[in-house]
Amino acid sequence: MAALSRREFLKKTATDAAVAGFLAAGAAELRANPLGLPIGSQTYPHRAMIKDGNFAGLLKMLADIGVGSVELCSPLGYTDFASLSDGKQVRTLIADHGLKCESAHFNMRELREKQSESIAWARDAGITQMITASLGGGNTPTMDDVKKAADEYNKIAAVAAKAGMQQGLHNEGFEVSMVGGERTYDVLFRLLDPKLVKFQFQMSTISQGFVAHEYFTKYPGRFYSMHVQDVDLKAAPPPLPVPVAPGRGGQGRGQGVQVPVGKGSIDWVKTFTAAKIGGVKNYFVEQNMELTKESVAALKAMKV
């Protein structure tokens, strides 16, 4: 091997150091975004901006704090999202802000009454994951109620599948109730067709005893998404809950208050490690803007 001059040696050393620094920075970035996925935001908590016709402003705000993907709610089922009725325009606007969107929430009423329209809007918007917040069978269901709800949703999901859509189910209200001495949620895992229905885990239901990493490992491959919040279980809940739409964004009847990711009672290393087993393909912070900013920053810095 030919000897290097002092100048060549210093130049090579500087180049090697720069490459090493670049690779290290890249590795840190991969570690920082859990699962190597874009950090997402569910837009429901920010719906006032959408209702006011400032969807573009919201997208810019989210992109500026490091959000890489958004989850919408259907304009056919959520009044505050009515301005997003032109799916193709929505798709373009999201892309123009450097974001992506493949998931949205649809309520049961619209899926019962106008599923074809919902699918058409989803296709125009570039969405392939159609989720409902709750099957809406009440908080004190009978086993017959649960079976009826599951049967209806399997049929809805079969239609969606034929259209190239993956139907999903969140866990609020009905899903966190009890039936026959066990959680309705667990019964639904048995009754819903695993090929037709995937699950989206609501992290704040830890306040009601639902622990994400336990479910991800108990039901491998059954999940494709999660709503991210942290909850301080030691903190006293506010005296009066903030009103929310049925099956949307509530923290349930358990204890604790929502806090930024990493400042509550959730073990995020266990959560994201188990999420790989569960099959999670995306996750969305679902908090007000102040908490969203802090949670996104925490996720960007999180080492899993």
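Caption draft 1: Local environment of the side chain of Gln42. For Gln42, the position within the fold is in strand 1 (residues 40-42). For Gln42, a relative accessible area of 0% corresponds to the buried category.

Caption draft 2: Layout of the pairing of strand 9 (residues 223-228). Most of strand 9 sits inside the fold, with six of its six residues counted as buried. As judged from the four bridges shared by strand 8 (residues 197-202) and strand 9, these two strands associate in the parallel manner. Residue Phe201 lies in a different strand from strand 9, and its bridge partner there is Met226. Handedness of the crossover joining strand 8 and strand 9 through helix 8 (residues 212-218): right-handed. Sheet analysis places strand 9 next to strand 12 (residues 282-285), joined by four bridges and oriented parallel.

Caption draft 3: Just the sheet that holds strand 8, in detail. Spatially, the eight strands close up into a barrel ordered 1-2-3-4-5-8-9-12, and their pairing is parallel. Averaged over all adjacent pairs, the angle separating strand axes in this sheet is 30°, with direction ignored. Helix-sheet contacts for helix 7 (residues 184-191) involve strand 5 (166-169), strand 8 and strand 9, and the interaxial angle to strand 8 is about 160°.

Caption draft 4: Up close: the nonpolar core. Core analysis: the biggest nonpolar cluster contains 77 residues, and Leu72, Phe201, Phe223 and Met226 have the highest contact counts within it. Counting residues per element, this core draws most heavily on helix 6 (residues 143-162), which supplies seven residues. The contacts of Met226, once residues within four sequence positions are left out, are Gln200, Phe201, Met203, Phe216, Trp268, Thr271, Phe272, Ala275, Val280, Asn282, Tyr283 and Phe284.

Caption draft 5: Representation of the confidence of the model for the protein within the structure. Taken over all residues, the pLDDT of the protein has a mean of 88, while the share at 70 or more is 84%. Every residue in residues 1-32 scores below 50 in pLDDT, and together they form 10 contacts with partners more than four places removed in sequence or on other chains. In this model, residues 240-253 is a region of pLDDT below 50 whose contacts with residues beyond four sequence positions or in other chains number 27 contacts.

Caption draft 6: Local environment of helix 5 (residues 108-125). Compared with the 26 Å implied by 1.5 Å per residue over 18 residues, the 20 Å span of helix 5 between its first and last C-alpha is markedly short. Along helix 5, the largest kink reaches about 110° and is centred on Lys114. When helix 5 is considered as a whole, its buried residues turn out to be Met108, Glu110, Leu111, Gln115, Ser118, Ile119, Trp121, Ala122 and Ala125. Looking at the packing, one finds that the buried side of helix 5 touches strand 2 (69-73), helix 4 (87-96), strand 3 (100-105), strand 4 (129-132), helix 6 and strand 5. A distance of 3.2 Å separates the backbone nitrogen of Arg109 from a side-chain oxygen at the start of helix 5, and that oxygen is part of Asn107. Immediately downstream of helix 5, the backbone of Gly126 shows phi near 85°, a positive value.

What counts as what
Residues numbered from 1 in each chain as written. Predicted model: local features only at pLDDT ≥ 70, side-chain atom pairs only at ≥ 80, totals over all residues. Heavy atoms only, no water. Helix = DSSP H or I, 4+ residues; strand = E, 2+ residues; numbered from the N terminus. Buried < 20%, exposed > 50% of the residue type's maximum accessible area, 1.4 Å probe, protein only. Pairing = 2+ DSSP bridges. Right-handed = clockwise from strand over helix to strand, strands pointing away. Axes fitted to C-alpha atoms, helices over the stretch in contact; angles between N-to-C directions. Contact = heavy atoms within 4.5 Å. Core = buried A, V, L, I, M, F, W, Y, C linked by side-chain atoms within 4.5 Å. pLDDT = per-residue confidence, 0-100. Expected span 1.5 Å × (residues − 1). Bend = angle between axes of the 7 residues up to and from the residue. Polar contact = N/O pair within 3.5 Å; in protein donor to acceptor, adjacent residues only side chain to side chain.

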